[in-house]
Amino acid sequence: MRETFLELITYLKNPVLEKDQNADLNYRLKKFFYTLIICIITSAAIMPLFTLVETLGLVNMNDHAMEDLMQQFPKAVIIFLVVILAPLFEELIFRAPLTLFHDPSYFKPAFYIFAVVFGLIHITNFKITTNVLLLAPILVLPQTILGGYLGFIRVRFGLGWSMLLHACYNGFFIFISFASDLV
């Protein structure tokens, strides 16, 4: 996993449009699984920032679109929306176009722009207030970093892999959320 983490960090420092030539399914599944773990650990490491923001009274983290979704729809609908529909559409919008930028001088900025815009679009999950706008870089940091990770998998393995990674990531957190409701 350390090797995958280092490869991911190296890639994020200097993204290039270069497909991974190793098409072995076991290799790809292993790399995919490690990347998923890295995504989850990264998000978990950022969570204390959200606790701090809420403790300081800057943003009510319960005033979030996911809370509304959980109140309005049955779990099966939420799973469909969050684990299937959102990853499908978001990957088509934010990752599919990446391979259109063949010129390295365009690819690198495009890669970063798509990751940042992917993160920023998630600010709409919050009730927009002055504090939410001022703290947007922190509030969408997990999604922005995830956008980079998904871009890495998309370029290296293909669009289907980024859709699957996005779905697994969302699925992990939605199931954690469901489990915490039981406690």
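A. How the structure looks around the overall build of the protein chain. Within the protein chain, the regular secondary structure consists of 9 helices and 0 strands. Structurally, the protein chain occupies a C-alpha span of about 45 × 35 × 30 Å along its principal axes. Looking at the protein chain residue by residue over its 183 residues, the buried ones come to 40%. Counting contacts in the protein chain only where the partners sit at least 6 residues apart, residues at least 24 apart contribute 78% of the total. Counting every atom, the protein chain has about 10,100 Å² of accessible surface; 68% of that belongs to carbon and sulfur. Counting 12 positive and 13 negative side-chain charges, the protein chain places the centres of these two groups 7 Å from one another.

B. How the structure looks around the packing of aromatic side chains. Enumeration over the complete set of coordinates arrives at 13 aromatic pairs. Here Tyr 11 and Phe 111 contribute two aromatic rings whose centre-to-centre distance is 5.6 Å and whose plane-to-plane angle is 75 degrees, an arrangement assigned as edge-to-face. Highlighted residues: Tyr 11 in helix H1 (residues 2–13) and Phe 111 in helix H5 (residues 104–121), separated in sequence by 100 residues. On the basis of relative accessibility, which here comes to 7%, the residue Tyr 11 falls in the buried class. Taking the relative accessible area as the measure of exposure, Phe 111 reaches 2% and is therefore buried.

C. The packing of H1 against H5, seen in detail. Between H1 and H5, the shortest axis-to-axis distance is 10 Å and the interhelical angle comes to 110 degrees. On the basis of their axis angle, the class for H1 and H5 is roughly perpendicular. Listed contacts from H5 to Tyr 11, Leu 12 and Lys 13 of H1 are Phe 107, Lys 108, Phe 111 and Tyr 112. Grouping the constituent residues of the contact of H1 with H5 by class yields 5 nonpolar, no polar and 2 charged.

D. Main features of the environment of Arg 154. Relative to the helices and strands, Arg 154 is located in helix H8 (residues 141–157). With 140 residues separating them along the chain, Arg 154 and Asn 14 place their C-alpha atoms 15 Å apart. In this structure Arg 154 touches Arg 95, Ala 96, Leu 98, Thr 99, Leu 159 and Ser 162, once residues within four positions along its chain are discounted. In this structure the side chain of Arg 154 is engaged in a polar contact, spanning 3.2 Å, whose partner is the side chain of Thr 99.

Conventions we followed
- Residues numbered from 1 in each chain as written.
- Predicted model: local features only at pLDDT ≥ 70, side-chain atom pairs only at ≥ 80, totals over all residues.
- Heavy atoms only, no water.
- Helix = DSSP H or I, 4+ residues; strand = E, 2+ residues; numbered from the N terminus.
- Buried < 20%, exposed > 50% of the residue type's maximum accessible area, 1.4 Å probe, protein only.
- Contact = heavy atoms within 4.5 Å.
- Areas by Shrake-Rupley, 256 points an atom, 1.4 Å probe, with all protein chains shown as cover.
- Lys, Arg positive; Asp, Glu negative; His and termini not counted.
- Charge placed at Lys NZ, Arg CZ, Asp CG, Glu CD.
- Phe/Tyr/Trp six-rings, centres within 6.5 Å; stacked < 30°, edge-to-face > 60°.
- Axes fitted to C-alpha atoms, helices over the stretch in contact; angles between N-to-C directions.
- Parallel < 35°, antiparallel > 145°, perpendicular 65-115°, else oblique.
- Nonpolar A, V, L, I, M, F, W, Y, C, P; charged D, E, K, R; others polar.
- Polar contact = N/O pair within 3.5 Å; in protein donor to acceptor, adjacent residues only side chain to side chain.

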